[in-house]
Amino acid sequence: MLLAGFDAGQTTTRCRIVELVGDHWREIATGLGPGISHLEAANGTERFQAAIRTSSANAGAIGSLDAAVIGASGIERGTPLEERASRLMARTLDLAPERALATGDERTALRGAFPEQPGIVAISGTGMICVGRNGQGVEHRCGGWGWRLDGAGAAFDLGHQGLQLSLRMADGRLPDHPLREELWNLLGCSSSEELKALVVSPAFRTAQFAALAPAVVSAAENGLKEARWIVDRSAAAQAESIHAVAVVLGLSQPQVVGQGGAFEHLLLFRNAVREALSETLPEAQWCDPVGDACDGALNLARDLVIRPR
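This is a predicted model, so every value here is computed, not measured. (Residues numbered from 1 in each chain as written. Predicted model: local features only at pLDDT ≥ 70, side-chain atom pairs only at ≥ 80, totals over all residues. Heavy atoms only, no water.)

(A) Focus on the overall build of the protein chain. Counting its regular elements, the protein chain contains 12 helices and 10 strands. Taking 19 Å as the expected radius of gyration for a compact globule of 309 residues, we find that the protein chain reaches 21 Å, a close match to that expectation. Along the first, second and third principal axes, the C-alpha set of the protein chain runs to 65 × 45 × 30 Å. Within the protein chain, the proportion of its 309 residues that are buried is 50%. Restricting to contacts in the protein chain with at least 6 residues of sequence separation, those with at least 24 account for 65%. When the accessible area of the protein chain is evaluated, it comes to approximately 14300 Å², of which 51% is carbon and sulfur surface. (Helix = DSSP H or I, 4+ residues; strand = E, 2+ residues; numbered from the N terminus. Rg over C-alpha atoms; globule rule 2.2 N^0.38 Å. Buried < 20%, exposed > 50% of the residue type's maximum accessible area, 1.4 Å probe, protein only. Contact = heavy atoms within 4.5 Å. Areas by Shrake-Rupley, 256 points an atom, 1.4 Å probe, with all protein chains shown as cover.)

(B) Region of interest: the sheet that holds strand β6 (residues 119-124). The sheet built from five strands is open, its strands ordered β8-β7-β6-β9-β10 with mixed pairing. In this open sheet, the two strands that pair with only one neighbour each are β8 (139-142) and β10 (285-286). Bridge analysis of strand β7 (residues 128-133) against β8 gives four bridges, and the strand direction is antiparallel. Across the sheet, Arg133 pairs through a bridge with Glu139, a residue of β8. (Pairing = 2+ DSSP bridges.)

(C) Spotlight on the pattern of salt bridges. A full pass over the atoms with the stated rule returns 17 salt bridges. The partner of Asp295 in a salt bridge is Arg16, with the nearest N and O atoms 2.9 Å apart. On the criterion of sequence distance, the pair formed by Asp295 in helix α12 (residues 293-306) and Arg16 in strand β2 (residues 12-21) is long-range, its members being 279 residues apart. Taken individually, Asp295 and Arg16 each receive the classification buried, so the pair is uniform in this respect. Of the charged contacts in the structure, one is a salt bridge between Glu40 and Arg84, with a shortest N-O distance of 2.6 Å. Here Arg84 lies in helix α2 (residues 80-93) and Glu40 lies in the loop between β3 (24-34) and α1 (44-58), a separation of 44 residues in the sequence. Assessed through its relative accessible area of 58%, Glu40 is described here as exposed. Here Arg84 falls in the partly exposed class, since its relative accessible area comes to 30%. Among the charged side chains, a salt-bridge network with shared partners connects Asp7, Arg14, Arg16, Asp292 and Asp295. (Salt bridge = Lys/Arg side-chain N within 4 Å of Asp/Glu carboxyl O.)

(D) A look at the packing of aromatic side chains. Applying the stated criterion across every chain, the model contains five aromatic pairs. Where Phe156 meets Phe209, the ring centres are 5.3 Å apart and the plane angle is 85°; that geometry is what we call edge-to-face. Of this pair, Phe156 sits in helix α4 (residues 155-171) while Phe209 sits in helix α7 (residues 206-210), and the two are 53 residues apart along the sequence. The class of Phe156 is buried, set by a relative accessible area of 5%. Three or more aromatic residues link up through ring pairs in this structure, and these residues are Trp147, Phe156, Phe204 and Phe209. (Phe/Tyr/Trp six-rings, centres within 6.5 Å; stacked < 30°, edge-to-face > 60°.)

(E) Just the sheet that holds β2, in detail. Pairing within the open sheet is mixed, and its five strands lie in the order β3-β2-β1-β4-β5. Strands at the two margins of the open sheet, each flanked by one partner only, are β3 and β5 (100-104). Ignoring strand direction, the axes of neighbouring strands in this sheet form an average angle of 15°. With respect to the sheet, helix α3 (residues 105-113) is in contact with β4 (67-72) and β5, its orientation differing from that of β5 by roughly 100°. Its contacts with the sheet put α12 on β1 (2-8), β2, β3, β4 and β5, and the angle it makes with β1 is roughly 140°. (Axes fitted to C-alpha atoms, helices over the stretch in contact; angles between N-to-C directions.)

(F) Highlighting the pairing of β6. Counting buried positions over the six residues of β6 gives six, a clear majority of the element. Residues Gly119, Val121 and Ile123 line one face of β6 and the alternating positions Ile120, Ala122 and Ser124 line the opposite face, and both faces are buried. Sheet topology places β6 next to β7; six bridges connect them, and they run antiparallel. Note that in β7 the partner of Ile120 across the bridge is Gly132. Hairpin geometry of β6 and β7 is characterised by an intervening segment of three residues between the two adjacent antiparallel strands. By the bridge criterion, four bridges tie β6 to strand β9 (residues 255-259) in an arrangement that is parallel. Within the sheet, the bridge partner assigned to Ile120 lies in β9 and is Val256.

The structure is reproduced here in structure tokens:
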């Protein structure tokens, strides 16, 4: 029996094919394909299908799968969008509807990091989200409600607050600092007016805010107290979500995995999250994930076979 697990991002989609033998699997191949966008976006359906079709074909799996799961950003559990995306995936791979599932990438990350055991995954990349599961299989998530509502704890938030700080410097509300010029140069701006016009243009994306995060964190490391306040505030928001998930799920000594670019590349931010969490949940234990998001998708695909929906 062949299973496929997909991890879909905005630039790349990975597909891992395994052969299920009893309760274990043997990896067959991994294929890459293009990224996806939200199904409601322009060409969203076509991009979704192309990502699935290309990555699975590159793994040699078209027409031969028994079950498949894809994790993608923005697909909320139990919503009409999840049902729509799952049906679309089933048609694309010629699978029975009950053997295909499209869900949020936070769920595949959770099942990859903690295949069966309880635990919490905190993700901080361009955006953020925190999700956990207890010993009874109950899941709960915090954060990740979109940058317009809930961006604190993400690289977007660090960059966004950094730009706000730069405007205060430009206005004279704060002393000027090399950070302001660095941020403006990264965006190709030379004045507050240019900056304002840029960020309200339809072409400006949250990823462009997130790309500024390393400069803000570097300024904090080099002693700019306002930048350090930004880092600490954002880290506290991420720690708050981890703590809330632990409380809701009744996890008094949870294992926690940190994932995403901000955790991986921004050391000061990562340490600030850990320090903030140690104050509210000192029993939490940071650990390495058992597997990745493709493994998590494969665990969910195996559930479709063993424990059908």
